[in-house]
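Residue strings, one per chain:
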Amino acid sequence: MSVRRFLQATPQIGANTYVDDMAVVIGNVTIGDDSSVWPFASIRGDIHHITIGERTSIQDGCVLHVTHDSEYHPGGQPLIIGNDVTVGHKVTLHACTISSLCIIGMGSIVLDKAVIESEVILGAGSLVPPGKTLESRYLWVGAPAVKKRPLTEKELAFIRYSATSYVKLKNNYLSQSK
Ligand SMILES: CC(C)(COP(=O)(O)OP(=O)(O)OC[C@H]1O[C@@H](n2cnc3c(N)ncnc32)[C@H](O)[C@@H]1OP(=O)(O)O)[C@@H](O)C(=O)NCCC(=O)NCCS
């Protein structure tokens, strides 16, 4: 079963959200409407909560996890992802915040307490260090990620297009599974 309860917490999955049978969503996880979770993604809300917005895609092989409360990390740290976010293949998101309308390039790693502001493209294979904030409407690339250039109007429009195209794709998967 791909959506599993852990202790008292059962994942809350929004209307018309697609979770592939080969993905796993565990525990204190909330996913908004019209989002999608693709094969081999693991979203594990066992030691803190994970919140994912609407029309957001979590693509194949992604790993999403959180940090627990301890003397090293008082209060722990949840993982928050906004609306219309494209999280590319094999991305690792750990206890960070991804604002709405971002593209997280495939293979990237985003560490604890990092904040990616809205309308950012993070290049494939990037690493965002703990606690770093990536400024809105810029292209950020590399390990560690650096601010490369402002996004063009075409790229800003593409961010929405990317989210919308994944909504259409998951609708096809949902209609097939009825
Ligand atoms: C970031 C990206 C969009 C940039 O594409 P682009 O328009 O060709 O970028 P630019 O030509 O303006 O590159 C700007 C600079 O960043 C560098 N760069 C681009 N992508 C990079 C990356 N992923 N990692 C490191 N550097 C990168 C370029 O080499 C260039 O460097 P320079 O200034 O030293 O010449 C693209 O490379 C990318 O990584 N896309 C991610 C796609 C993806 O994973 N989508 C997820 C859904 S499937």
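Residues numbered from 1 in each chain as written. Predicted model: local features only at pLDDT ≥ 70, side-chain atom pairs only at ≥ 80, totals over all residues. Heavy atoms only, no water.

(A) Fine view of the environment of threonine 152. Inspection of the secondary structure puts threonine 152 in the loop between β20 (146-150) and α1 (153-176). For threonine 152, a relative accessible area of 38% corresponds to the partly exposed category. In the structure, threonine 152 is positioned 135 residues away from threonine 17 in sequence and 30 Å away in space, judged by C-alpha atoms. (Helix = DSSP H or I, 4+ residues; strand = E, 2+ residues; numbered from the N terminus. Buried < 20%, exposed > 50% of the residue type's maximum accessible area, 1.4 Å probe, protein only.)

(B) Representation of the site of the ligand. As a matter of local geometry, the ligand sits amid Gln59, Thr86, Gly88, His89, Gly105, Met106, Gly123, Ala124, Leu139, Val141, Lys148 and Arg149. With respect to the ligand, the side chain of lysine 148 contributes an N or O atom lying 3.3 Å from an oxygen atom. Here arginine 149 contributes a side-chain N or O atom positioned 2.8 Å from an oxygen atom of the ligand. For the ligand, whose unbound accessible area comes to 910 Å², protein coverage reaches 47%. Put simply, the parts of the chain that give the shell around the ligand at least two residues each are β19 (138-141) and β20. Residues of the shell around the ligand, tallied by class, amount to 4 nonpolar, 6 polar and 2 charged. (Near = heavy atom within 4 Å. Polar contact = N/O pair within 3.5 Å; in protein donor to acceptor, adjacent residues only side chain to side chain. Areas by Shrake-Rupley, 256 points an atom, 1.4 Å probe, with all protein chains shown as cover. Nonpolar A, V, L, I, M, F, W, Y, C, P; charged D, E, K, R; others polar.)

(C) Seen up close, the packing of aromatic side chains. Within the structure shown, the criterion is met by 5 aromatic pairs. Judged by centre distance (5.3 Å) and plane angle (55°), the rings of tyrosine 18 and tryptophan 38 are tilted. Highlighted residues: tyrosine 18 in strand β3 (residues 18-19) and tryptophan 38 in the loop between β5 (36-37) and β6 (42-52), separated in sequence by 20 residues. Judged by its relative accessible area of 11%, tyrosine 18 falls in the buried class. On the numbers, 5.7 Å between centres and 75° between planes, the contact of tryptophan 38 with tyrosine 166 is edge-to-face. Taken together, the residues tryptophan 38 in the loop between β5 and β6 and tyrosine 166 in helix α1 connect sequence positions 128 residues apart. Take tryptophan 38 and tyrosine 166: they sit in the same class, and that class is buried. Through a chain of ring-to-ring contacts, the aromatic side chains of Tyr18, Trp38, Tyr166 and Tyr173 assemble into a single cluster. (Phe/Tyr/Trp six-rings, centres within 6.5 Å; stacked < 30°, edge-to-face > 60°.)

(D) Summary view of the sheet that holds strand β10 (residues 86-87). Strand order in the open sheet made by the 8 strands is β3-β5-β7-β10-β13-β16-β19-β20, with mixed pairing throughout. A single partner strand is all that each edge strand has here, and the edge strands are β3 and β20. The pairing of β10 with strand β13 (residues 103-104) spans 2 bridges and is parallel. When the bridges of β13 are listed, threonine 86 appears paired with isoleucine 103. (Pairing = 2+ DSSP bridges.)

(E) Summary view of α1. Taking 1.5 Å per residue, 24 residues should reach 34 Å; α1 reaches 35 Å between its end C-alpha atoms and fits that length. Leu156, Ile159, Ser162, Ala163, Tyr166, Val167, Lys170 and Leu174 are the residues of α1 that are buried. Those residues of α1 that are buried lie in contact with β3, β5, β7 (57-58), β10, β13 and β16 (121-122). (Expected span 1.5 Å × (residues − 1). Contact = heavy atoms within 4.5 Å.)

(F) Fine view of empty space enclosed by the protein. Under the criterion given, the structure shown has 1 cavity of 30 Å³ or more. Looking at the largest cavity, its volume works out to about 30 Å³. Ranked by residue count, the leading element in the lining of the largest cavity is α1, at 4 residues. For the lining of the largest cavity, the class distribution of residues is 3 nonpolar, 4 polar and 3 charged. (1 Å grid on protein atoms, 1.4 Å probe; cavity = no way out; pocket = protein on both sides within 12 Å on 5 of 7 lines; lining within 4 Å. Points joined across faces, edges and corners; volume = space filled by probe spheres on them.)

(G) Examining the pattern of salt bridges more closely. Taken as a whole and assessed by the stated rule, the structure comprises 8 salt bridges. Across the pair glutamate 135 and lysine 147 runs a salt bridge, and its minimum N-O distance is 2.7 Å. Note that glutamate 135 is positioned in the loop between β18 (133-134) and β19 and lysine 147 in strand β20, a separation of 12 residues in sequence. Judged by relative accessible area, glutamate 135 falls into the partly exposed class, the value being 36%. Given a relative accessible area of 39%, lysine 147 falls into the partly exposed group. Between glutamate 153 and arginine 137 there is a salt bridge, with the nearest N and O atoms lying 3.9 Å from each other. Remark: arginine 137 occurs in the loop between β18 and β19 and glutamate 153 occurs in helix α1; sequence separation between them is 16 residues. (Salt bridge = Lys/Arg side-chain N within 4 Å of Asp/Glu carboxyl O.)

Distances and angles like these do not, on their own, reveal function.
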